[in-house]
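Chain residues, written in single-letter form:
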Protein chains: 2
Amino acid sequence: MRELMVNLGERSYPIRIGSGLLARAGEQLLQAGLSVKSPLLVVSDDAVAPLYLDGLLEQLRSSGFRAASCIVPAGEPSKSLARFEEIMTKALEHGLDRKSAIVALGGGVVGDLAGYAAASYMRGIRFVQMPTTILAHDSSVGGKVAVNHPMAKNIIGAFHQPSLVLYDLDTLKTLPRREVSSGLAEVVKHGLIRDATFVDWCIDNAERLLALDAEALGYALYKGCAVKADIVSSDETEQGVRAILNLGHTIGHALEAVAGYNELHHGEAISIGMIGSAMLGVQLGAPQEVYLRTREALGKAGLPVSLPEHFDTDRIMEAMMHDKKFGEGKMVFIVPTAIGEVEIRQDIRQQWVRDIVERLKREASWP
Amino acid sequence: MRELMVNLGERSYPIRIGSGLLARAGEQLLQAGLSVKSPLLVVSDDAVAPLYLDGLLEQLRSSGFRAASCIVPAGEPSKSLARFEEIMTKALEHGLDRKSAIVALGGGVVGDLAGYAAASYMRGIRFVQMPTTILAHDSSVGGKVAVNHPMAKNIIGAFHQPSLVLYDLDTLKTLPRREVSSGLAEVVKHGLIRDATFVDWCIDNAERLLALDAEALGYALYKGCAVKADIVSSDETEQGVRAILNLGHTIGHALEAVAGYNELHHGEAISIGMIGSAMLGVQLGAPQEVYLRTREALGKAGLPVSLPEHFDTDRIMEAMMHDKKFGEGKMVFIVPTAIGEVEIRQDIRQQWVRDIVERLKREASWP
């Protein structure tokens, strides 16, 4: 088992990564200071619950916890205020009190939804994450939780740190290949912004990662979480440097807004976004290698490195203008200057971005 | 103009109390560091908006701010997730960004609702309170914001401090008498928990307060805010001492849950609750004077000091068991030991509380 501390003063918490962790969940919760006197609520989705929920509930009960559950449909539409209210109702019915915890068993959607519920119930109770996807390694560090509004993603939320993250690698074995690649997008991103050596490692070990080799995966998740934890520790509420974690997300979110959810998964959208950012970086003076290595790392992870032609550039630009990262009308972009280094640029012209979007369509076709 | 700083480190903010403050709102917002580049959203209700909203919007625009508004029906039912979502929609439509603020123009309901919206929009933007009731002096200090769930009050919320509170005493002139008394309940409460001299002052000046004498009111609001600010500063997220602010609220919330909103306003409910707490205090050894002075202070402020007989004791007890202040099944009560002093008791037996509820019905009738 690997353990990583996310250092946030009073709100510091451990991320534990390894096999068989769900089978020791009760003991881990007790160690984290939770009391069996206060009931738990486990939130999961209808794809994950059939695989792991009963086992987890039984395990928690055998440790003396009272635990109820709330199952939402798998997929992004569950990040809604309606589902949020359902969780509140369950929490009240089950008598959750101020010392209770809400446990998220699932991927990023479940984590974000359950996390915002934990942030809001009684103005904030404890939150425990048990991620079951690779992508969730990203959302499990940093305490950003949210639901969507029909007009914008992640617009209703909070900063709420978990008390504990239990990353059971066994739960990743059932991930579909497309989800594995999508998750690796954020892993590669963490290399691209802070750690060139880790980008090399990702390229060299792409096949092992895609084959879900436990040792490789454990290391990749640990490294990804470590880079993010380091950045988050120095800027908990995204006043400054934390923004670099948005590499690829400005274009990526716009693509997600324009595409149907099934056409483009989150990791795929930000993969294309990171390719766009690399192009922008080269245009602004970074060596050509930045583009080539970015493309190699993402391509080897099975991710798209170009934009399907039918995407409408005007609609993408419009979605970008709606994105919350544009304070005061300027375009803010995270732009790589080298592999493992990025800068926050406030001076990016709309026309440059439009050109990049067009160029993304002319690159080699969908992998 | 009186000014009070609420000391919360980085989240410190001023409360300004005086006449004519709304007419200087734009200048005050600029002083508080808000930028005219980021739009504002003013939330108000349909009782307050016709009196002050247009003037405020015009004033803000004349200072260079773009300001939209969102008007909800007056009254507790507006503290709902549905209204919360409406505010989110307005905020998105109006293009609020991370540097924007949501302004609450109204009483406690508007403050709680708009504050929770500000806490959640983009994971937290700035919040400015412009209270128009006496009761709101209480909710404008401390950053507790929330909406209700059909099963429980204030169960969905956050701790989110305002950047500025502008208390324009002129807006209190239109308050109905019943609302004036209801507001004075929290003023008196702040004396009862911390300041015996101020309780004496409240008794001596009850008539001036009920007549909305600006000088008396300004002083009373300043003192009430100061006591609360002092307690909140030492315990921002209610881990310990802050709980003493709940004097009268355990019974009070239960009464509100059982009564219709119009039968019992918040201040009336907690007035009866504080009488009950005083009875409990005397029963546990405090001098009889604690009960008599509490009763005098609340009675002179035009508040009820007994419970109408038709209230069902079983339903009140049940509502209390649902209340969020019962961690781990024990009954926690704030109990006065003298005028100006209270303690947190964790050992209160249900039967004692039931006896008190019964006794509250036998006291002198509704004022």
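Here the structure is a predicted model, which is why all the values come from computation and not from measurement.

What counts, and where the lines are drawn
- Residues numbered from 1 in each chain as written.
- Chains lettered and ligands numbered in written order.
- Predicted model: local features only at pLDDT ≥ 70, side-chain atom pairs only at ≥ 80, totals over all residues.
- Heavy atoms only, no water.
- Contact = heavy atoms within 4.5 Å.
- Salt bridge = Lys/Arg side-chain N within 4 Å of Asp/Glu carboxyl O.
- Polar contact = N/O pair within 3.5 Å; in protein donor to acceptor, adjacent residues only side chain to side chain.
- Helix = DSSP H or I, 4+ residues; strand = E, 2+ residues; numbered from the N terminus.
- Nonpolar A, V, L, I, M, F, W, Y, C, P; charged D, E, K, R; others polar.
- Least-squares fit on C-alpha atoms with pLDDT ≥ 70 in both.
- Core = buried A, V, L, I, M, F, W, Y, C linked by side-chain atoms within 4.5 Å.
- Buried < 20%, exposed > 50% of the residue type's maximum accessible area, 1.4 Å probe, protein only.
- Domains from an automatic or database assignment.
- Phe/Tyr/Trp six-rings, centres within 6.5 Å; stacked < 30°, edge-to-face > 60°.
- Buried area = accessible area lost by both parts, 1.4 Å probe.
- Axes fitted to C-alpha atoms, helices over the stretch in contact; angles between N-to-C directions.
- Parallel < 35°, antiparallel > 145°, perpendicular 65-115°, else oblique.
- Left-handed = near helix turned anticlockwise from the far one by under 90°.
- Expected span 1.5 Å × (residues − 1).
- Arc of directions from axis to C-beta.
- Pairing = 2+ DSSP bridges.
- Disulfide = S-S within 2.5 Å.
- UniProt positions renumbered as here; feature names shortened; annotations may be inferred.

Asks: Let's hear about the interface of chain A and chain B: which residues, and what values?
Replies: Tallying the contact residues gives 36 residues for chain A and 37 residues for chain B. Scanning the region where chain A abuts chain B turns up zero salt bridges. At the boundary of chain A with chain B, the tally comes to eleven residue pairs in polar contact (both at pLDDT 80 or more). Contributions of two or more residues to the side of chain A that touches chain B are made by α3 (81–93), α4 (108–120), β7 (144–149) and β8 (152–159) of chain A. Among the residues making up the side of chain A that touches chain B, the classes are represented as 17 nonpolar, eight polar and eleven charged.

Asks: Let's hear about the relation of the copies chain A and chain B: which residues, and what values?
Replies: For the match of chain A to chain B, the screw axis carries a shift of 0.0 Å, the RMSD comes to 0.1 Å, and the turn is 180°. Taken together, the rotation angle and the small translation identify this as a two-fold axis. Across chain A, the smallest distance between a C-alpha and the rotation axis is recorded for leucine 81 of chain A, namely 3.9 Å. Here 100% of the contact residues of chain A are again contact residues in chain B; the copies associate through an equivalent surface.

Asks: Give a description of the nonpolar core that names residues and reports values.
Replies: Residues Ile15, Ile134, Leu255, Ile316 and Met320 of chain B are the most contacted members of the largest nonpolar core, which totals 81 residues. It is helix α9 (residues 214–233) of chain B that contributes the most residues to this core, nine residues altogether. Counting contributing residues per domain, this core is built from domain 1 (2–174) and domain 2 (177–362) of chain B, each supplying no fewer than three. Listed in part, the 80 residues of the second largest apolar core include Val180, Leu221, Cys225 and Phe333 of chain A.

Asks: Could you give an account of the environment of leucine 192 of chain A, with specific residues and numbers?
Replies: Looking at where leucine 192 of chain A falls in the secondary structure, it is placed in helix α6 (residues 177–194). In this structure, leucine 192 of chain A is in contact with Val199, Leu247, Met274, Thr294, Ala338, Ile339, Gly340, Glu341 and Val342 of chain A, ignoring residues within four places of it in sequence.

Asks: Report on the packing of aromatic side chains, specifying residues and quantitative values.
Replies: Geometrically, a pair of aromatic rings is defined through the distance of the ring centres and the angle of the planes. Scanning the model with the defined rule gives eight aromatic pairs over all chains in all. An angle of 25° between the planes, with centres 4.6 Å apart, marks the rings of phenylalanine 84 of chain B and tyrosine 116 of chain B as stacked. Remark: tyrosine 116 of chain B occurs in helix α4 (residues 108–120) and phenylalanine 84 of chain B occurs in helix α3 (residues 81–93); sequence separation between them is 32 residues. Across the pair, exposure class does not vary: phenylalanine 84 of chain B and tyrosine 116 of chain B are buried alike. Joined through ring pairs, the aromatic side chains of Phe198, Trp201 and Tyr219 of chain A make up one cluster.

Asks: Quick rundown of the domain arrangement of chain A? Include the residues and the values.
Replies: Residues and elements named next belong to chain A. On domain assignment, one finds that chain A holds domain 1 (2–174) and domain 2 (177–362). One C-alpha centre belongs to domain 1, the other to domain 2; they are set 26 Å apart. On the side of domain 2, 32 residues touch domain 1, which itself brings 27 residues to the contact. In total, about 2700 Å² of surface goes out of reach between domain 1 and domain 2, with carbon and sulfur atoms giving 67% of it. By the criterion of area lost to domain 2, the three top residues of domain 1 are Arg2, Ile134 and His137, representing 24% of everything that side buries.

Asks: Quick one: what's the story with the packing of helix α13 (residues 313–322) of chain B against helix α14 (residues 350–362) of chain B, residue by residue and with numbers?
Replies: Residue and element names in this part refer to chain B. Where α13 meets α14, the axes come as close as 10 Å, and the angle between the chain directions of the two elements is 135°. The pairing of α13 with α14 is recorded here as oblique in orientation. Of the two possible hands of crossing, α13 and α14 adopt the one that is right-handed. Contacts from Thr313, Asp314, Ile316, Met317, Met320 and Met321 of α13 reach α14 at Gln350, Val353, Arg354, Val357, Glu358 and Lys361. The class makeup of the residues in the contact of α13 with α14 is six nonpolar, two polar and four charged.

Asks: How would you explain helix α6 (residues 177–194) of chain B if you had to name every residue and give the values?
Replies: An ideal rise of 1.5 Å per residue puts 26 Å on 18 residues; α6 of chain B measures up with 26 Å between its terminal C-alpha atoms. With 14 of 18 residues buried, α6 of chain B is to be regarded as a mostly interior element.

Asks: Describe in detail the environment of isoleucine 339 of chain B, supporting the description with residues and values.
Replies: All names here are of chain B. Tracing the backbone through its elements, the reader meets isoleucine 339 in the loop between β10 (333–338) and β11 (341–345). The class of isoleucine 339 is buried, set by a relative accessible area of 13%. Separated by 239 residues in the primary sequence, isoleucine 339 and serine 100 have C-alpha atoms spaced 43 Å apart. Once residues within four sequence positions are removed from consideration, isoleucine 339 is found in contact with Leu192, Ala196, Val199, Glu289, Val290, Arg293 and Thr294.

Asks: Could you give me a rundown of helix α2 (residues 49–62) of chain A, with the residues and numbers involved?
Replies: All names here are of chain A. Taking 1.5 Å of rise per residue, the 14 residues of α2 would be expected to cover 20 Å, and the 19 Å separating its terminal C-alpha atoms lies within 8% of that figure. All of the buried residues along α2 are Ala49, Tyr52, Leu53, Leu56, Leu57, Gln59 and Leu60. One side of α2 holds all its buried residues, which, seen down the axis, span an arc of 165°. Projecting away from the buried face of α2 at angles above 90 degrees are the exposed residues Pro50, Asp54, Glu58 and Ser62. Residues of α2 that are buried make contact with α1 (25–31), β3 (40–45), β4 (67–72), β5 (101–106) and β6 (126–131). Residue glycine 64 follows α2 closely and has a positive phi angle near 100°.

Asks: Which residues make up the pairing of strand β1 (residues 2–6) of chain B, and what values do they have?
Replies: All names here are of chain B. Note that β1 and strand β2 (residues 13–18) share five bridges and pair antiparallel. Paired with arginine 2 across the strands is isoleucine 17, a residue of β2. What sits between the antiparallel neighbours β1 and β2 is a turn of six residues, in which glycine 9 has the positive phi angle 55°.

Asks: Describe in detail the sheet that holds β1 of chain B, supporting the description with residues and values.
Replies: Residues and elements named next belong to chain B. Spatially, the seven strands line up as an open sheet ordered β1-β2-β9-β6-β5-β3-β4, and their pairing is mixed. The open sheet terminates on both sides in strands that have one partner only, identified here as β1 and β4 (67–72). Across the sheet, the mean angle separating the axes of adjacent strands is 15° when strand polarity is ignored. Examined bridge by bridge, strand β5 (residues 101–106) and strand β6 (residues 126–131) share six bridges and lie parallel to one another.

Asks: Tell me what's going on with the pattern of salt bridges, and back it up with residues and numbers.
Replies: Taken as a whole and assessed by the stated rule, the structure comprises 44 salt bridges over all chains. The salt bridge partner of glutamate 296 of chain B is arginine 293 of chain B, with a shortest N-O separation of 3.0 Å. With a gap of three residues between them, glutamate 296 of chain B and arginine 293 of chain B both fall in helix α12 (residues 288–300), about one helical turn apart. Residue classification places arginine 293 of chain B among the partly exposed positions, given a relative accessible area of 23%. It is possible to trace a salt-bridge network through shared partners that takes in Glu76, Lys79, Asp112, Lys153 and Glu256 of chain A.

Asks: Describe the side chain of glutamine 129 of chain B, listing the residues and the values that go with them.
Replies: Residue and element names in this part refer to chain B. By the element assignment, glutamine 129 lies in strand β6. Relative accessible area serves as the criterion here: at 6%, glutamine 129 is assigned to the buried category. Ignoring any residue separated from it by four or fewer positions in sequence, one finds glutamine 129 in contact with Ala104, Gly111, Ser139, Ser140, Pro162, Leu164, Val165 and Leu166.

Asks: So what's going on with the state of the cysteines? Residues and values would help.
Replies: Scanning the model with the defined rule gives zero disulfides over all chains in all. Here cysteine 225 of chain A stays free of any disulfide, with the sulfur of cysteine 202 of chain A as its closest cysteine sulfur at 13 Å.

Asks: Go over the packing of helix α7 (residues 196–204) of chain B against α12 of chain B, please, and point to the residues and values.
Replies: All names here are of chain B. Viewed as axis vectors pointing N to C, α7 and α12 meet at an angle of 40°, and their least axial separation amounts to 9 Å. Relative to α12, α7 is oriented oblique. When the axes of α7 and α12 are compared, the crossing they make is left-handed. Across from Val199, Asp200 and Ile203 in α7, the residues of α12 making contact are Arg293, Glu296, Ala297 and Lys300.

Asks: Report on the UniProt feature "domain: 3-dehydroquinate synthase N-terminal" (unreviewed entry) in chain A, specifying residues and quantitative values.
Replies: If you check UniProt for "domain: 3-dehydroquinate synthase N-terminal" (unreviewed entry), the listed places come out as residues 70–181 of chain A in our numbering. Measuring from the first to the last C-alpha atom of residues 70–181 of chain A gives 28 Å, for a span that is 31% helix and 30% strand.

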